[in-house]
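Remarks on the overall topology
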Amino acid sequence: MATSHYNFPTINGTDTIDGVNAINGLANSVDAALFGVAGSIPEDYTLPIAGTTSLGGVRGSGQISVNPSTGDMTVNPGTISGNMIQIGTITGSNLANGTVGASNLDASTQANVNQGAQAFSTLNLPGERTSITTWEDSNGFTATAHNGFYVVYQSAKIIVIKMNIQGNLNLSQNSNGTICTATLPAQYSLPYSFETMCDVSLNPTDNLPINYYIRYDGNKVMMNIINYGGRSGVLNILSTTGTLVIPYQPLSSQQA
């Protein structure tokens, strides 16, 4: 009998032992079995290099380090530069939330990000509204009420000013010009002036118009009038409102 796979000779229990022929038969069978598979084993094998669509080997070069214990690969610092990354390679869908954090950015990039965040926060700051508390009547006007405020939009460098005055205007004591002045803090002083017409009423003696203008000059908000009618009598219950929107550049503490 012989083995079922490689036909190695075996000895039955009742056979007469022939040591020479048995050993020779086993050696010949082993030799034949080995010869049968020897042709399918290449004497020299070269592992192919891996490609985009083909299997193969990769190796760590000067830019990639391989841990010999675990096989883990790491990319050395400074290896990947801008010209190695194609446009559109890394998009939002390729980055999980938290992949890139502040600790992953160099100091210069982090500083630029911080400046951008601060600028965005500044642009979204609400306006700072402050009531006007300093008033002065003149030119025949006696106020019964002063109301006004200014709103500073720091990011846009804009001031919105609104004033309302109520009272009596003695026309016999009045000449065209300022009848009421409000004062803002010195830091909002400007080297130029703004003026716009804001209201009109009728002269009580002849029904000719009295025009009202709100003016900003320096850090003063003034209500001015031009009376086209007579100069006698009293304009009672005068009430007028004016609004100005002006650009400004804050003065330093040395300039204010």
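How each quantity is defined
Residues numbered from 1 in each chain as written. Predicted model: local features only at pLDDT ≥ 70, side-chain atom pairs only at ≥ 80, totals over all residues. Heavy atoms only, no water. Helix = DSSP H or I, 4+ residues; strand = E, 2+ residues; numbered from the N terminus. Buried < 20%, exposed > 50% of the residue type's maximum accessible area, 1.4 Å probe, protein only. Pairing = 2+ DSSP bridges. Axes fitted to C-alpha atoms, helices over the stretch in contact; angles between N-to-C directions.

**Things to note about unusual backbone geometry**
- Positive phi values are uncommon outside glycine, yet asparagine 139 reaches one of about 60°.
- Assignment of secondary structure puts asparagine 139 in the loop between strand E4 (135–137) and strand E5 (141–153).
- For asparagine 139, a relative accessible area of 19% corresponds to the buried category.
- For asparagine 207, which is not glycine, the phi torsion reads 60° and is therefore positive.
- Residue position: asparagine 207 is located in the loop between strand E8 (190–202) and strand E9 (209–218).
- In this structure asparagine 207 comes out as exposed when scored by relative accessible area, which is 55%.

**Some remarks on the sheet that holds E5**
- Ordered in space as E3-E5-E6-E11, the 4 strands form an open sheet in which the pairing is antiparallel. Sheet topology places strand E3 (128–131) and strand E11 (234–247) at the edges, where each strand pairs with a single neighbour. Each adjacent strand pair in this sheet contributes to an overall mean axis angle of 10°, direction not counted.
- Alignment of E3 against E5, held across 4 bridges, turns out to be antiparallel. Residue pairing for E5: arginine 129 is matched across the bridge by valine 151.

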